[in-house]
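Descriptive structure summary
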Amino acid sequence: MKRSIALTTFLVHDYDEAIEYFVKVLGFVLREDSDLGAGKRWVVVASDQDDPHGLLLALAVGDDQRRVVGNQTGGRVFQFLHTDDFERDYARFRDRGVKFLESPRHESYGSVAVFADLWGNKWDLLERNDGAQS
């Protein structure tokens, strides 16, 4: 049996703000944006067109959900964005105003730097030495 995680819910305050950040700043693709009525949308972004995984941008509803936007993992790294060229993407993100929380590190497993997204969630930008994607 083959299974995989297709989407991860990513809580946001505003759909359009989130789309703009992911597409224009991080260079993601907008895979889907469908109106579900009553102010709800099905919005999916992915790191590139060939990425089988994606983020479902979900509008935070209610105080409990709004409180955790930007802290969906209690302060831990939330997402791991793999790249085939760390230096290129680090420079591109930095030039687009992405806030890195540390200088790049070159570890035994690869090159990595933690950045905060528009809402404060922590991400690893990571180029693995062995080319692995997990």
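What this report covers is the structure whose coordinates are included nearby. What you see is a predicted model; the values in this text were computed from it and never measured.

**Quick look at the nonpolar core**
In this structure, Phe10, Phe22, Leu26, Leu57 and Phe115 are the most contacted members of the largest nonpolar core, which totals 30 residues. Secondary-structure elements contributing two or more residues to this core are strand 1 (7–12), helix 1 (15–25), strand 3 (40–46), strand 4 (54–59), strand 5 (77–82), helix 3 (86–95), strand 8 (110–116) and strand 9 (122–128). Top contributing element to this core by residue count: helix 1, with six residues.

**A closer look at the pattern of salt bridges**
Summed over the entire model, instances satisfying the criterion amount to nine salt bridges. The residue Asp64 makes a salt bridge to Arg67 at a minimum N-O spacing of 2.3 Å. Here Asp64 and its partner Arg67 are both found in helix 2 (residues 62–68), three residues apart, which amounts to about one turn of the helix. Here Arg67 falls in the exposed class, since its relative accessible area comes to 58%. When the shortest N-O distance is used, the salt bridge between Asp89 and Arg88 registers 3.0 Å. With relative accessibility at 10%, the residue Asp89 sits in the buried group.

**Some words on the packing of aromatic side chains**
What the rule picks out here adds up to 15 aromatic pairs. Measuring from centroid to centroid gives 5.4 Å for Tyr21 and Trp119, while their planes differ by 75°, and the two rings are edge-to-face. Highlighted residues: Tyr21 in helix 1 and Trp119 in the loop between strand 8 and strand 9, separated in sequence by 98 residues. You can call Tyr21 buried: its relative accessible area is 8%. Cluster of aromatic residues (ring-pair linked, three or more members): Phe10, Tyr21, Phe22, Phe28, Phe78, Phe86, Tyr90, Phe93, Phe100, Phe115, Trp119 and Trp123.

**Focus: the environment of Asn71**
Along the chain, Asn71 turns up in the loop between helix 2 and strand 5. Residue classification places Asn71 among the partly exposed residues on the basis of a relative accessible area of 40%. Sequence separation between Asn71 and Leu11 is 60 residues, and the spatial gap between their C-alpha atoms is 9.6 Å. At 3.3 Å, the side chain of Asn71 forms a polar contact with the backbone nitrogen of Gly74. Among the polar contacts made by the side chain of Asn71, one reaches the main-chain amide nitrogen of Gly75 at a distance of 2.7 Å.

**Here's the deal with the sheet that holds strand 1**
With respect to topology, four strands assemble into an open sheet ordered 1-4-3-2, the strand pairing being mixed. Each edge of the sheet is formed by a strand with only one pairing partner; in this case those strands are strand 1 and strand 2 (29–37). Across this sheet, the average inter-strand angle for adjacent strands is 25°, counted without regard to direction. Note that strand 1 and strand 4 share six bridges and pair parallel. The residue of strand 4 that forms the bridge with Leu7 is Gly54.

What counts and how
Residues numbered from 1 in each chain as written. Predicted model: local features only at pLDDT ≥ 70, side-chain atom pairs only at ≥ 80, totals over all residues. Heavy atoms only, no water. Core = buried A, V, L, I, M, F, W, Y, C linked by side-chain atoms within 4.5 Å. Buried < 20%, exposed > 50% of the residue type's maximum accessible area, 1.4 Å probe, protein only. Helix = DSSP H or I, 4+ residues; strand = E, 2+ residues; numbered from the N terminus. Salt bridge = Lys/Arg side-chain N within 4 Å of Asp/Glu carboxyl O. Phe/Tyr/Trp six-rings, centres within 6.5 Å; stacked < 30°, edge-to-face > 60°. Polar contact = N/O pair within 3.5 Å; in protein donor to acceptor, adjacent residues only side chain to side chain. Pairing = 2+ DSSP bridges. Axes fitted to C-alpha atoms, helices over the stretch in contact; angles between N-to-C directions.

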